[in-house]
Structures are given as structure tokens and as C-alpha cells.
Amino acid sequence: MPVDTPAPHAIEAHGLRKAFGKTQALDGVDLTVTRGMVYGLLGPNGAGKSTVVRVLATLLRPDSGTATVDGLDVVRDAKAVRTHIGLAGQYAAVDEYLTGRENLVMFGMLSGLTRGRAKARATDLLEQFDLVDAADRPSKGYSGGMRRRLDLAASLASRPPVLFLDEPTTGLDPRSRLTMWGVIQGLVHDGTTVLLTTQYLEEADRLAQRIAVIDRGRVIAEGTPAELKARVGGEGLEVAVVDPADLGAVRAIVAAHASDEVFVDAERRRVRAAVSDGARALAAVAGAIAEAGITTEDVGLHRPTLDEVFLALTGRPVTEDEASDDDGAASGDGEPGGPGGPT
Amino acid sequence: MTAPVKALRDSGIILWRQLIQLPRIPEVLIFALIQPVMFVLLFRYVFGGAIATPGESYVNYLMPGIFAQTVAFGAVASGIGLAEDLRRGIIDRFRSLPMARSAVIVGRTVSDLVRNFAVVMVMYVVGILVGFRPEGSVGAQVLAFLLLLLTSFAFSWIGVVIALSMKTVEAVQSAGFIWLFPLTFASSAFVPTDTMPGWLQAFADNQPFTIVVNAVRALFLDLPVGNYVWLTLAWMIGITAVMVPLATRQYRRRSG
């Protein structure tokens, strides 16, 4: 293992292509993920997100193109790659008849830890993922959120430097989703590089420092969340004033809370800007405007949905079942249909 | 760690997993027992009176056939278990780990061996209860058990190959049983083959399942063994030798 010759990037992929029968699941995917960041792969069902993960996790050979993880080729050095990665996903692939602790010990040992170290690590992980009370019950009885946490913990048994999270919150209720987000954010502090796939813009926005939007096996947009939202143009705070003379004052108020450039649309008497913490910014801006005695027509928050991002980037809406058998080769049922995303 | 040692260790971990599961999925064990018990009752008390087995009581004739059928049907459980793992995605996780490729299947087939051993032991007791009176020496009977275990192992690998070639658990279940019926019934397990039509008898007398049945029957009942022990060894080792590389290759290619 060339551990002490760090490659410049945690993940690099060039021109990945993969077809399942007539479906071109990957149609030339390029990715560069810097060490220690959370990188989001955003796209609808069947876009090819899971296929990218499966190629990078050595589960699937690409038809063409190359990819490296920690500088190791995923095809040629597949064995070595497996000592550098963890994989967790929407299927919560733990053994349901084993207890949480037994699962963690098993995966730890299979990752190369000795029995003693695997046991110690299991105890730590159960603590970290708030599973201590359920540790010695078979995971069959766990709630969906607990199972996902156990699944994630299992992928961390050997402290892999690169972690793949394939739709970690798909199918979870909003509360479990929030818990999961907190858990994932915690990982970043350990310096783990995370490649996260999601159908939810909000999730990518919340967790990822960079996002690639993927559609029909291609990356159609890439950048920081702010850059992407700027391209979409919808996300942010918008204030419409009655008197155009107030535009300057409102602009100053909004600028104090904006995360990016502030746009003034004099014709429509509107001020618009991207904001990072929407609700708080909205309250603060509304308060400041009232204090200044400015009359507004409308103060509102506009959060683009994945549909809007898609519409903006591709000029067509998201369709649920395009390439529905993408990624279905092993799991049989592909990605389960999910809702459009939390709003 | 050298590759063979690592493969052994990883197989051991998977074996541990399977053995932990065993008592926690009682229905698997119960089903594995109910089926042969039903066969014993049906053949012992329903059909048995109409089947002539010169020189032996029918129950003595029947039980070695039941033992062999029990381990052969174990192949279905091996296949379904693996198919379930594939469906749930746990195999994906195993494949993303730096573990020996063969371990998942080896661990499973060995654990199926343990389960089948337990089931055959219970069936032996059931046999005694319904009048089975084995006359072979202890050594001969131990040898018969060993042959049954070897058969169990070989058949588990067939079940694994079937599981890896099918897309759904349901398909594995159907495909897993279909070939076992002609194989176990067109054999000497339940009836002497000499009542069968000539063409069928030619198949029944020479197919591997009959050979296993004849070997263990001779050992349990203290009959002349002939070449059956050697033939059983040859067949079962041969089947395993073909199935192991086939299964390993399919496992590697699965979803790839």
C-alpha cells in the first residue's frame, strides 16, 4: 500500500463509460475530488450516480475510461483500492440477523482488523452513532434510521480515507434524515473524503463543498453549491419594494445577509441574492426592512427543487423512469422511486 | 498474511456469521427437518407397504435414501441463502472489502455442512423411532456419515452456482428444486430400480445420486459395498472440483 505517497486527489475519473444492454448508464464521466471534502453527486433516479459509485468502489468494471482512488487504479489495483474505501448505501446492507455489534465486528475483521481491535472499534462506533442501547439486538428490529447509521458505521470499521455514500437518506423520514446529516457532517472533521450521491438538492447543498449534477450518464454541471445555484438563478431571498427609491436601502440590508452577489432588478423593483441560512436571513431581512419603515410588496425565499435545477440545466424536467434499469445488475431493483425531495 | 491463510481466516469469519444466524432463523432449520420427516412418514406408512424390497425391511431400505435426499435438498437452502444476500446488497459490501473472494461462498457451504450434519443426525434418530435398524459396524456407519457430508458439500456448491446464475430469489427457489426431483426419485433412494423401464433404469443405476444412496445403504445395512464408496468419492469430489471454480468465477463477475 503506497500510503506515504499521497496522490493529489482522493478520486479522479476520466471518461468513464458503462453500458447495461442498450442502456448507456455512464456516458463519459469525469470527476475530480480533492482530499478531505464532501463531494456531492446530484441527479434523478437512473442518472448513473450509483453506477459511478459502483465503478469507484471496484464493484463494476467500466467499459472504458479510467479512475483512481487515492492514486490507485480501480481496475488494475482493485485489491489495494478496497483497503482505502468504505461503502454505505441506500440498501442498508448489514446482516439483519446479527446484532449491531456483531455486524461491526464482522465487517471490521473482514477489513483486516484483528478480533480485539475490531471489538474495540465496534464499541467506539456504537457510541459515536448512538446505537449503544440497541447494540446487542439483531438489527432486524432496528428502525430505518438506526439501520442506516449501522450501515454507515460498518463502512467506517477500518477508518477508510475515502467513503462512498450512495443515497444515504433516501427513504428516511425527515427526522432521521436530519440525524444522518449531522452524522455525515461529523465525518468531515476526521478528514475523510466523502463522495455522496443524492436526489435531493437540499442534501447536496447542506453537506457538499462541491457538487456534480449528473444526468443520463454525464456530468452536466459542476461547481460549489453557490455557483450552481447562481446558474440556476432561483435560490435565494427576494424582496419586492413598492417605491423604487427604496431599492438602495433594501440592497444594503440584503447585502448584509447575502452569501453571494446581490442583484437589483430596477424595472421590477426587486432585490435578489443567494443566502446560506434562508430562514434566518429571511427573518433578519424582514425585520430590518420593517425597522427602516420600508413598504414591501413581497419578501420571500425561493428554494429551487431538483426539478428546477434540472429544468435550468437541461431544459427538460426530471422524468422518473428514464433508464430505470440503471444500476440494477446486482441489486435487482435499482434505485427505489423517491419523492421529489424535501422542500 | 499469505493469500491462503487470509482466505481461510475470512472464510472462518463468514462461517461464524452463518452459525450465529442459524439459531436466529429457526424456520430454516425447522423447514429443513419437516420435509424429510414428511418423506419418512409418507414412504414408511403410505407407500412402503406396496414397495417390495427383497431381503430388507422397507424402512431399512428407505432411511439411507432419506439421508441422501436430505443432504441433496440442502443445496436449495444454500442457494436461497446466497440469493437473499445478493438481493439485500450485503454481497456488495463484502465485495468492496479487502477480503478473500472465495470466503463468502466457502463460509456458506461449510456452514451448510454443519446444518446438514445436524439435520441428518436428527433424521437418524427419527429413523430409529420408526423402526430403522442399521446393522453396519460403527466404523462403516461413520464412513456413511462422512460420505453424506461430502455429498452435502458438493450439492451446496451446485446450489451456489444456481443462485449466482439467477436474477431473483424466487427463480433460485424454483430452479433449485426442479433438477432435484428427477435426480432423487429416478434413483434407488425410494424404490429398487429394477421395476423401472429399461431406459430409465439405465439412467437411475448410473447417476451419482443412486451411487451415493447405494454406498451409504450398504454401509448402514452391512451389505456388500462393491465400488460404491470409491465411486461416490470420485463423483462428489469431481462435482466439487467443477463447481468451486465455476462459482468463484461467477461470484467475481456477478454485477460486473
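Residues numbered from 1 in each chain as written. Chains lettered and ligands numbered in written order. Predicted model: local features only at pLDDT ≥ 70, side-chain atom pairs only at ≥ 80, totals over all residues. Heavy atoms only, no water.

1. Focus: the overall build of chain B
Then, in step 1: If you tally the helices and strands in chain B, you get 11 helices and zero strands.
Then, in step 2: Reading chain B from its N end, one meets helices and strands in the order α-α-α-α-α-α-α-α-α-α-α.
Then, in step 3: Relative to the 2.2 N^0.38 estimate, which gives 18 Å for 256 residues, the radius of gyration of chain B is 19 Å and therefore close to what a compact globule would have.
Then, in step 4: Each principal axis of the C-alpha distribution contributes one length, and for chain B these read about 60 × 35 × 35 Å.
Then, in step 5: Looking at the 256 residues of chain B, the share that counts as buried comes to 54%.
Then, in step 6: Sequence-distant contacts in chain B: of pairs separated by 6 or more residues, those separated by 24 or more amount to 80%.
Then, in step 7: As presented, chain B carries roughly 10,700 Å² of accessible surface, and 73% of it is formed by carbon and sulfur atoms.
Then, in step 8: Each charge class in chain B can be summarised by its mean position, and for the 19 positive and 12 negative side chains these summaries are 14 Å apart. (Helix = DSSP H or I, 4+ residues; strand = E, 2+ residues; numbered from the N terminus. Rg over C-alpha atoms; globule rule 2.2 N^0.38 Å. Buried < 20%, exposed > 50% of the residue type's maximum accessible area, 1.4 Å probe, protein only. Contact = heavy atoms within 4.5 Å. Areas by Shrake-Rupley, 256 points an atom, 1.4 Å probe, with all protein chains shown as cover. Lys, Arg positive; Asp, Glu negative; His and termini not counted. Charge placed at Lys NZ, Arg CZ, Asp CG, Glu CD.)

2. Remarks on the sheet that holds strand 10 (residues 218–223) of chain A
All names here are of chain A.
Then, in step 1: Taken together, the six strands give an open sheet; going across it, the order is 6-7-8-3-9-10, and neighbouring strands pair in mixed fashion. A strand with exactly one partner marks an edge of an open sheet, and here the two such strands are strand 6 (85–89) and strand 10. In this sheet, neighbouring strand axes are inclined to one another by 15° on average, regardless of whether the strands run parallel or antiparallel.
Then, in step 2: Judged from the four bridges that link them, strand 3 (residues 38–42) and strand 9 (residues 210–215) form a sheet pairing that is parallel. Residue pairing across strands places Leu-41 opposite Ala-212, the latter belonging to strand 9.
Then, in step 3: Those strands touched by helix 1 (residues 49–56) are strand 3, strand 6, strand 7 (162–166), strand 8 (193–198) and strand 9, and its axis lies near 150° from that of strand 8.
Then, in step 4: Against the sheet, helix 5 (residues 144–155) makes contact with strand 6 and strand 7, and its axis sits at roughly 170° relative to strand 6, the strand it touches most. (Pairing = 2+ DSSP bridges. Axes fitted to C-alpha atoms, helices over the stretch in contact; angles between N-to-C directions.)

3. Some words on unusual backbone geometry
Residue and element names in this part refer to chain A.
Then, in step 1: Unusually for a residue other than glycine, Thr-58 sits at a positive phi of about 65°.
Then, in step 2: With a relative accessible area of 8%, Thr-58 lands in the buried category.
Then, in step 3: A positive phi angle is found at Arg-269, which is not glycine, with a value near 55°.

4. Describing the domain arrangement of chain A
Then, in step 1: Structurally, chain A comprises domain 1 (9–227 + 317–331) and domain 2 (236–302).
Then, in step 2: Between domain 1 of chain A and domain 2 of chain A, the C-alpha centre-to-centre distance is 39 Å. (Domains from an automatic or database assignment.)

5. Some words on the environment of Gly43(A)
Then, in step 1: The topology assignment puts Gly43(A) in the loop between strand 3 and helix 1.
Then, in step 2: Through-space distance from the C-alpha of Gly43(A) to that of Ala212(A) is 8.5 Å; in sequence the pair is 169 residues apart.

6. Things to note about the pattern of salt bridges
Then, in step 1: Under the definition given, this model contains 26 salt bridges over all chains.
Then, in step 2: Between Arg35(A) and Asp70(A) there is a salt bridge, and its shortest N-O distance comes to 2.9 Å. You can see Arg35(A) sitting in the loop between strand 2 (23–34) and strand 3 and its partner Asp70(A) sitting in the loop between strand 4 (64–69) and strand 5 (72–73), a full 35 residues away along the chain.
Then, in step 3: It is possible to trace a salt-bridge network through shared partners that takes in Glu96(A), Lys140(A), Arg147(A), Glu84(B), Arg87(B) and Arg88(B). (Salt bridge = Lys/Arg side-chain N within 4 Å of Asp/Glu carboxyl O.)

7. Notes on the sheet that holds strand 11 (residues 236–241) of chain A
Residue and element names in this part refer to chain A.
Then, in step 1: A sheet is described by the order of its strands in space; here four strands give the open sequence 12-13-11-14, paired in antiparallel fashion. In the strand order of this sheet, the two ends are held by strand 12 (262–265) and strand 14 (296–302), each with one partner. Here the average twist between neighbouring strands, direction ignored, is 15°.
Then, in step 2: Lying on the sheet, helix 9 (residues 247–255) is in contact with strand 11, strand 12 and strand 13 (270–273); it crosses strand 13 at an angle near 15°.
Then, in step 3: Across the sheet, helix 10 (residues 278–291) lies against strand 11 and strand 14, angled at about 165° from strand 14, the strand it touches most.

8. Topic: a nonpolar patch on the surface
Then, in step 1: A cluster of nonpolar side chains, contributed by Leu41(B), Leu42(B), Tyr45(B), Val46(B) and Phe47(B), occupies part of the molecular surface with about 480 Å² of accessible area.
Then, in step 2: You can see Tyr45(B) is positioned in helix 2 (residues 26–47). (Patch = residues over 30% accessible without salt bridge, like charges linked within 9 Å, V, L, I, M, F, W, Y side chains within 5 Å.)

9. Let's talk about the interface of chain A and chain B
Then, in step 1: On the side of chain B, 28 residues touch chain A, which itself brings 34 residues to the contact.
Then, in step 2: Both faces considered, chain A and chain B share a buried interface measuring about 2,800 Å² in area, 56% of it formed by carbon and sulfur atoms.
Then, in step 3: Taken as a group, Arg82(A), Tyr97(A) and Leu110(A) account for 25% of the area that chain A buries against chain B, more than any other trio of residues on that side.
Then, in step 4: Linking chain A to chain B there are five salt bridges.
Then, in step 5: Summed over the shared surface of chain A and chain B, the number is 13 residue pairs in polar contact (both at pLDDT 80 or more).
Then, in step 6: Among the secondary structure elements, those contributing two or more residues to the side of chain A that touches chain B are strand 6, helix 3 (100–110), helix 5 and helix 12 (328–331) of chain A.
Then, in step 7: Among the elements that make up the side of chain A that touches chain B, the one with the highest residue count is helix 3 of chain A (six residues). (Buried area = accessible area lost by both parts, 1.4 Å probe. Polar contact = N/O pair within 3.5 Å; in protein donor to acceptor, adjacent residues only side chain to side chain.)

10. Here's the deal with the packing of aromatic side chains
Then, in step 1: On inspection of all chains with the given rule, the structure shows 23 aromatic pairs over all chains.
Then, in step 2: Ring centres of Phe43(B) and Phe185(B) lie 6.4 Å apart, and the angle between their planes is 35°; this geometry places the pair in the tilted category. In this pair, Phe43(B) is assigned in helix 2 and Phe185(B) in helix 8 (residues 180–185), connecting sequence segments 142 residues apart.
Then, in step 3: Take Phe43(B): its relative accessible area is 8%, and that puts it in the buried class.
Then, in step 4: Taken together through their ring pairs, the aromatic side chains of Phe39(B), Phe43(B), Phe47(B), Phe73(B), Phe177(B), Phe181(B), Phe185(B) and Phe190(B) make up a single cluster.
Then, in step 5: Positioned above the aromatic ring of Phe107(A) is the side chain of Arg93(B), whose terminal nitrogen or guanidinium carbon lies 5.2 Å from the ring centre. (Phe/Tyr/Trp six-rings, centres within 6.5 Å; stacked < 30°, edge-to-face > 60°. Lys NZ or Arg CZ within 6 Å of the ring centre and 35° of its normal.)

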